[in-house]
Structures are given as structure tokens and as C-alpha cells.
Amino acid sequence: MMTTISGASRFSAGMALVLLVILIVPVMAAETTAVQRTIAPASPQPAETMNITITVPPGFFGGIVETLPDGFSFEGTSHPPDGVKQSGRTVIFAVTGEKSVSYAIRAPASGCGVISGKWENVGTGGKGEIPQEVIAVAGSDPSQCRTVPHTPGFSWWIALAAFGFIGMVVQRQVNR
Amino acid sequence: MKKQTSSIAFLLAGLLCCCLVFPVAGISSEGIPRTQDDIHDYARTILRTEILNYSSDVYGGERSAHLTAGQLADAVRYYPEYPRRITDSKNSTITIVRPLNHIVAYNFHSMGALNATDLVVGVANSAMQDALVIPAVKGKVNIGGGGPYEPDFEKLLACTPDAVLTYTELGPGPEFFEKRMPEGVPVIRVDCIRPWSLVPEMNKLGYIMNRTEQSDAYEQWHSRWMDEIDRRLATVPSEKRVRAFMDIWSTSFTDRSNERRTAGGGQWYSYGRYITDGGGVNVAEDLTSPQGTVDIEWVARQNPDVILGVMYDGSYESPDSSVLKTQYDELLSHPTLKEIPAIKNRRVYVLSYRYTNGLTYPAARAQVAKWFYPELFADIDPAAIHQEYVTRFLGSSYDVTRQGAFSYPA
């Protein structure tokens, strides 16, 4: 026996998808924009120590993975020692409810580099990138250092595409 | 339509489904948190470690054991009460990310005293022997087996356990449990039958089952009696220590009447310790035979003051202690032993193994110490200690002086 679907049900299914997109996408987008990095000073003197602060949204539980610019050295962090792991230029922070993470890096005598980062909220499953920034030592040419194209994480348009795809699958099932 | 919608819902639910618990091997023990603050602090430490390992693996390319994304999400959901972590008695690290409430307790020994029977869905057939003192066991799924016997694995799986509690050595090994359990269902191996590990094992279980109040209470009770026995035995000079032979009784051995089974000091089993814990000297202390088999003539040559029997029978379901009399009578009537002091002075005593091998050990130990040194322990009533355990920890009205077989002569 063939299964049929009423117009009202079809409407409900479509509305549910739209509602899902409306409700979820802004939340994900908000979390993406809320993980931010500040660098002080933005243009360091040669061998100057710079303080970097990553702020996260309230209730963030997850990892922050920072990749330091080539030539810049990790100087330390105020984050609890059991929540930090460094390997080469990669520094990983485990955030368990803290509002921010601060650490220090030392600039080289000259030159510039790109700092980049990724984050994942293991509580919500949200993930994304912290915008790349060029750090140039005073007197150096920042144009020598370029940011690489943004690699999409689980950003809003990916979510939208995914929901669109699910919608198509549902529609095909319904029309069958 | 309903079918299609439910299929999609099922698919989405499957995608969202998280595993509950996850065993991580090879991580060293970090002790057992006791207070609420300690539990929260340790949860933060575990979570940080797991987030670092997860992030290192996913974003740094460094392979290491860690919780899955779904397990981390659960851990965050129940934080700061969870995650919780122990090193079990088989030295496996067990991490629990959410409250356990669907345990198959193949080893059921601790569940009554921890007031955790409500967390148990399935038990071994052997646990049914405790029904007289823990009636709740009758409402659990009997998966069969018990002790050295294998349970029905399909029945076990049908319980959809979130953890399996079993022994370190007794019963099925990793091939049966660990390698066949669904991912995320830890197999926790503790015994709660050996004198030296009762308290640490209870504390570990109390912590991961969220029953620390009960495990603390057990430790206090256990320590109170063990310390009292220690204090009294410390006054016995070494030259006045009784020399005792441990007779482990089973039909297969006694059928061969020229052999007995005993326990030396180096054996993993605890029986030899029952003599030394009672302030005696084990005449078989230096025995290295793994089976503990000795010739009856050898026993006679040791000339023991006391024979302490342990019988694989008795306990709560026995109507009275007459079952233990079998071993007692057999020893007293053995022609080869008739000239030794233990027989001539009728200093032969028998304990049920389920009295000694379990959480009632302080009472059983008091009984042995009193048999060895009656004057020193004249004011100690081992049955009263036992009754205190039954009443206070099992919440049972069972009267150990009127029912059961625990020691003979009683």
C-alpha cells in the first residue's frame, strides 16, 4: 500500500525545517563571533612581549588551538597548567568554564608572521576559526606576511546548506 | 508517512546519540576523591586532560586515547559532578561521564552495602543467594553464571548495561567481557572479597556510583573493628601465638582422604591471611605449591594447635550451621590427625567462605581471633559485629544468630 502525505503535513515538515534553520544558525553564528582574539600591542617592538587574550562565550567548554607566527616564541600563560599543552608553534588550551584565556608571546628582532586559531565547544559541538591576524615587528613590512584563505569550519552557510540538503531528501521521500 | 518520519527521526537520533561511558587504559591512578569539592576538582582535571587530548588528536595530529566528541558532550552536561575516574583492581582506568543507572553487577557483593541496588539491572545467578538479606535482588535480571561460571551473554546484552561490574580473577576474562561489550560500556573489575582491598574497592565504587556517603560509612565501620582487633592482638607475644593449619574444604579434595588443601603465604588467594590476621602462625606459610595440596601426614607432622577450616558452603540461605559440621566432623575423626593438639583439644573451627570472603570480614576476623585467644576477646561478640553489618548496611531484619551458616562451632 502506498503511503501518502497530506498538504498540511507537507507544510508542517517544511515549516519545521525552516524553524530549525532560523533557531540554530544564529546560535552557531553568535558562538563563532564570540570567540575573539585581542593582541596587545598589535605592533610590537623588536623582542617585545605581547599579551594575547582569547575571549569565549559564557558556558564555553572546549579546546582552543592557537598556531603562533613563525619566529615568535611562547612565553607563558595564566591559564591553569593542567589546561595547557604546547607542541612547537601549536598551543592548546582546555577551557572549562573560564571566560577567557591569556598568554604571552615574544616577538623576534624583526619580521612578521600570521597567528591563527581554531576552537571547538565540546559541550555544544560548535566549532570554528579565530580570525587570522598579521603581526609585524615595528620597522618590518607586513605585506611580506599574508593570511591564508579562510578554511570554513562549521559556519552558518555550511549549516544552511546541510539543512537544505536534508530538506531536499525529505521532499523526495514525501513525493515518492 | 509515519514510517518515513520516524525513520528520519531515528536517523537524526542516531546521529545525536552519545556513548555514556568510556574506559581509557594505561592512565595511572590519581587517588579517590572523597569530598564534593574534591570530586568537582578532579572532574575539572579529567575534563581538561580529555579536551587537550581530543584537541591534540583532532587539530594537532597527535594520536592519544581520549573521550569521543559525544562522551565529551555528556561529560560537560553533567559537569562538575562528572566525569569521574578510577583505576580498577585490574589496573584499568575507567572514566564515567554520566551517572550510572543500568549496571550489570556480575559481582554483586558491594551493591547492598553501597545502597546501590537501584542502579543494578542484571546479576549473576550466584547473587540470588543474597535474596534473604537483599530482597531487591529478586527483581533483577538473572543473567546466569556466577563465580567461575559464564553467564548468558545475550541476556547480559539485553540488559543494555551502562557498565559491567565483575571480578579480577574469578569468572570470565577479557575475551568474554571486555572484547565483546558494546563500545563505551566499561567492564569494571573489583573483587570486594579480599581482606586487603575491601576498603579501597568500596571507596572506588562509592565514588563512581555516587555513593560516597555509604562507602565512607563502611570504611569507618571496617576500621573501627579492624583497629580494635589489631590493638588486642598486638599484646600477644610471639612465643604465645597459636600455630594453625588452614584447611580449605571441597568434596573433590576430601574424597582423597590422604590429601588436604591449604594456603601458603605467597598464594594470591586470601585464605592464609585469615590465620595471620587472627594473630596466629600459619604452619604452611612457606608452602609454595600453587594448588596448596598437602599430604595428611605432612599436616600431622606440623602438629598445629588449631585447624581453621573454610568451607565452600553456608551463608545466609542455609537454615543452620550444620552444613559446616561436615568438615568439622571429618577433621576430628581423621585417624592420621588424632594425636595432634588441635584434635586432642578439639580446637577445630570452620568458617563459611562467604563469611570470610566479603564485606563481613571484620566480623569473621573477630571470630578467628576469638577462637585463637578466647580470653583476650571474651567481651567481643563476632555475631553482633555481623548483625551490625546486616542491619546497618543491608537494612535487613535477618537475624544472624537464628539463621544461616557462618561459623562452626557457633
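From a predicted model like this one, the values you see are computed outputs, not experimental measurements.

**Considerations on the overall build of chain A**
Consideration 1: Broken down by element type, chain A carries two helices and nine strands.
Consideration 2: If you list the helices and strands of chain A from N to C, you get α-β-β-β-β-β-β-β-β-β-α.
Consideration 3: Contacts spanning at least 24 positions in sequence make up 71% of the contacts within chain A whose residues lie at least 6 apart.

**Some remarks on the overall build of chain B**
Consideration 1: What chain B contains, in helices and strands, is 14 helices and 15 strands.
Consideration 2: Counting over 410 residues, chain B shows a buried share of 45%.
Consideration 3: In chain B, of all internal contacts separated by at least 6 residues, the share reaching a separation of at least 24 is 62%.

**Looking at the domain arrangement of chain B**
Residues and elements named next belong to chain B.
Consideration 1: Domain annotation for chain B reports domain 1 (17-218) and domain 2 (236-408).
Consideration 2: Distance between the C-alpha centres of domain 1 and domain 2: 33 Å.
Consideration 3: Counting residues at the interface gives 15 residues for domain 1, matched by 15 residues for domain 2.
Consideration 4: Its residues placed into classes, the side of domain 1 that touches domain 2 shows nine nonpolar, four polar and two charged.

**What about the pairing of strand 5 (residues 84-87) of chain A?**
Residues and elements named next belong to chain A.
Consideration 1: Bridge count for strand 5 against strand 6 (residues 90-96) is four bridges, and the pairing is antiparallel. Counted as the bridge partner of S87 is T90 from strand 6.
Consideration 2: Taking the residues that link successive antiparallel strands as the turn, the strand 5-strand 6 hairpin has two residues, and the phi of G88 there is positive, at about 65°.

**Quick look at the confidence of the model for chain B**
Residue and element names in this part refer to chain B.
Consideration 1: For chain B, per-residue confidence averages 89 on the pLDDT scale, and residues scoring 70 or more make up 90% of the total.
Consideration 2: For the stretch residues 1-30, pLDDT sits under 50, and the model shows 48 contacts to residues farther than four places along the chain or on other chains.
Consideration 3: Scoring of the predicted complex yields 0.82 for pTM and 0.77 for ipTM.

**What about the sheet that holds strand 11 (residues 281-282) of chain B?**
Residue and element names in this part refer to chain B.
Consideration 1: With respect to topology, five strands assemble into an open sheet ordered 11-9-13-14-15, the strand pairing being mixed. Sheet topology places strand 11 and strand 15 (407-408) at the edges, where each strand pairs with a single neighbour.
Consideration 2: As paired elements, strand 13 (residues 306-311) and strand 14 (residues 348-352) share five bridges and run parallel to each other. Following the sheet pairing, M311 is matched in strand 14 by S352.
Consideration 3: Set on the sheet, helix 10 (residues 322-332) makes contact with strand 9 (243-249), strand 13, strand 14 and strand 15; between it and strand 14 the angle comes to about 155°.
Consideration 4: Each of strand 13, strand 14 and strand 15 is contacted by helix 13 (residues 361-372), which is oriented at about 180° to strand 14, the strand it contacts most.

**So, the packing of helix 13 of chain B against helix 14 (residues 382-393) of chain B**
Residues and elements named next belong to chain B.
Consideration 1: Packing of helix 13 against helix 14 brings their axes to within 8 Å, and their N-to-C directions diverge by 180°. In terms of orientation, helix 13 and helix 14 fall into the roughly antiparallel class. Each of P362, A363, A366, Q367 and K370 in helix 13 lies in contact with helix 14, whose residues at this interface are P382, I385, H386 and Y389.
Consideration 2: Counted by class, the contact of helix 13 with helix 14 contains six nonpolar, two polar and one charged residues.

**Side note on unusual backbone geometry**
Excluding glycine, a negative phi dihedral is what most residues carry, and trans is how most peptide bonds are arranged.
All names here are of chain B.
Consideration 1: Cis peptide bonds are those with omega within 30 degrees of zero, and the linkage from Y79 to P80 qualifies with 10°.
Consideration 2: The step from Y82 to P83 runs through a cis peptide bond, and the omega angle for that step is 10°.
Consideration 3: Relative to the elements of secondary structure, P83 occurs in the loop between helix 3 (69-77) and strand 2 (84-87).
Consideration 4: Phi at N115 is positive, roughly 55°, even though this residue is not glycine.
Consideration 5: Along the chain, the position of N115 falls in the loop between strand 4 (103-105) and strand 5 (120-123).
Consideration 6: According to the C-beta neighbour criterion, N115 is partly exposed, with 18 such atoms within 10 Å.
Consideration 7: Its identity as a non-glycine residue notwithstanding, T160 has a phi of 40°, on the positive side.
Consideration 8: A count of 12 C-beta atoms within 10 Å places T160 in the exposed class.

**What to know about the sheet that holds strand 9 (residues 127-136) of chain A**
Strand pairing within a sheet occurs via backbone hydrogen bonds; the two strands may be parallel or antiparallel.
Consideration 1: Spatially, five strands are ordered 5-6-3-8-9 (chain A) in an open sheet, and the strand pairing comes out antiparallel. Looking along the sheet, the strands with just one partner apiece sit at the ends: strand 5 and strand 9 of chain A. Strand-to-strand, the axes of this sheet are offset by a mean angle of 15°, without reference to chain direction.
Consideration 2: Where strand 8 (residues 112-121) of chain A lies against strand 9 of chain A, eight bridges are found, and the strand directions are antiparallel. Its bridge partner being in strand 9 of chain A, V114 of chain A is matched across the sheet by V134 of chain A.
Consideration 3: Contacting strand 3 (61-67), strand 5, strand 6 and strand 8 of chain A, helix 2 (residues 36-60) of chain B runs over the sheet at an angle of about 140° to strand 6 of chain A.

**Some details on the environment of Q302 of chain B**
Residues and elements named next belong to chain B.
Consideration 1: Here Q302 shows up in helix 9 (residues 296-302).
Consideration 2: In the structure, Q302 is positioned 38 residues away from I340 in sequence and 8.6 Å away in space, judged by C-alpha atoms.
Consideration 3: Those residues within four positions of Q302 in sequence are excluded, and the remaining contacts are F245 and V283.

**Quick word on the confidence of the model for chain A**
It should be kept in mind that the predicted coordinates are not to be read in detail where pLDDT is low.
Consideration 1: Chain-level pLDDT for chain A is 80 on average; 64% of the residues reach the 70-or-more range.
Consideration 2: Low pLDDT, under 50, characterises residues 1-8 of chain A; the stretch is placed with six contacts to residues that sit more than four places away or in other chains.

**Let's talk about the pairing of strand 7 (residues 163-166) of chain B**
When a strand is regular, its side chains alternate between the sheet's two faces.
Residues and elements named next belong to chain B.
Consideration 1: Alternating positions in strand 7 separate into two faces, A163 and L165 on one and V164 and T166 on the other, with burial throughout.
Consideration 2: Where strand 4 meets strand 7, three bridges bridge the pair, whose relative direction is parallel. Pairing of A105 across the sheet is with L165, part of strand 7.
Consideration 3: Sheet analysis places strand 7 next to strand 8 (residues 187-189), joined by three bridges and oriented parallel. Pairing of V164 across the sheet is with V187, part of strand 8.

**A look at the packing of helix 6 (residues 212-233) of chain B against helix 13 of chain B**
When two helices pack together, their arrangement is captured by the angle between the axes and the distance separating the axes.
Residue and element names in this part refer to chain B.
Consideration 1: Where helix 6 contacts helix 13, the axes come no closer than 9 Å and their chain directions differ by 20°. Relative to helix 13, the element helix 6 lies roughly parallel. For helix 6 against helix 13, the interelement crossing comes out left-handed. Along its contact with helix 6, which presents H222, W225, M226, I229 and L233, the element helix 13 presents P362, R365, A366 and A369.
Consideration 2: When the residues that make up the contact of helix 6 with helix 13 are grouped by side-chain class, the tally is seven nonpolar, one polar and one charged.

Calculation criteria
- Each chain has its residues counted from 1, running along the sequence as written.
- Here the convention is simple: chains get letters from A, ligands get numbers from 1, in the order in which they are written.
- The model is predicted, so local features are restricted to residues of pLDDT at least 70 and side-chain atom pairs to those at 80 or more, both for listing and for counting; the totals for chains, interfaces and linings are taken over all residues.
- Helix numbers and strand numbers start at the N terminus; a helix is a DSSP run of H or I with at least 4 residues, a strand a run of E with at least 2.
- Each residue is represented by a C-beta atom placed from its backbone, and any two residues with such atoms within 7 Å are regarded as in contact.
- Once C-beta atoms are placed from the backbone, each residue is buried if 20 or more other C-beta atoms lie within 10 Å of its own, exposed if 12 or fewer, and partly exposed for counts between those two.
- Here the bounds of each domain stem from an automatic or database domain assignment.
- Gly is placed with the polar residues, together with every amino acid not listed as nonpolar (Ala, Val, Leu, Ile, Met, Phe, Trp, Tyr, Cys and Pro) or charged (Asp, Glu, Lys and Arg).
- Criterion used throughout: strands pair if DSSP finds at least two bridges between them.
- Every residue is assigned a pLDDT by the predictor, reflecting its confidence on a scale from 0 to 100.
- To get an axis, a line is fitted to the C-alpha atoms, and for a helix only the part in contact is used. The angle between two axes follows their N-to-C directions and goes from 0 to 180 degrees.
- For classification purposes, angles smaller than 35 degrees are called roughly parallel, those larger than 145 roughly antiparallel, those between 65 and 115 roughly perpendicular, and all remaining angles oblique.
- Throughout, a crossing is termed right-handed when the near helix is turned clockwise from the far one, and left-handed when it is turned anticlockwise from it by less than a right angle.

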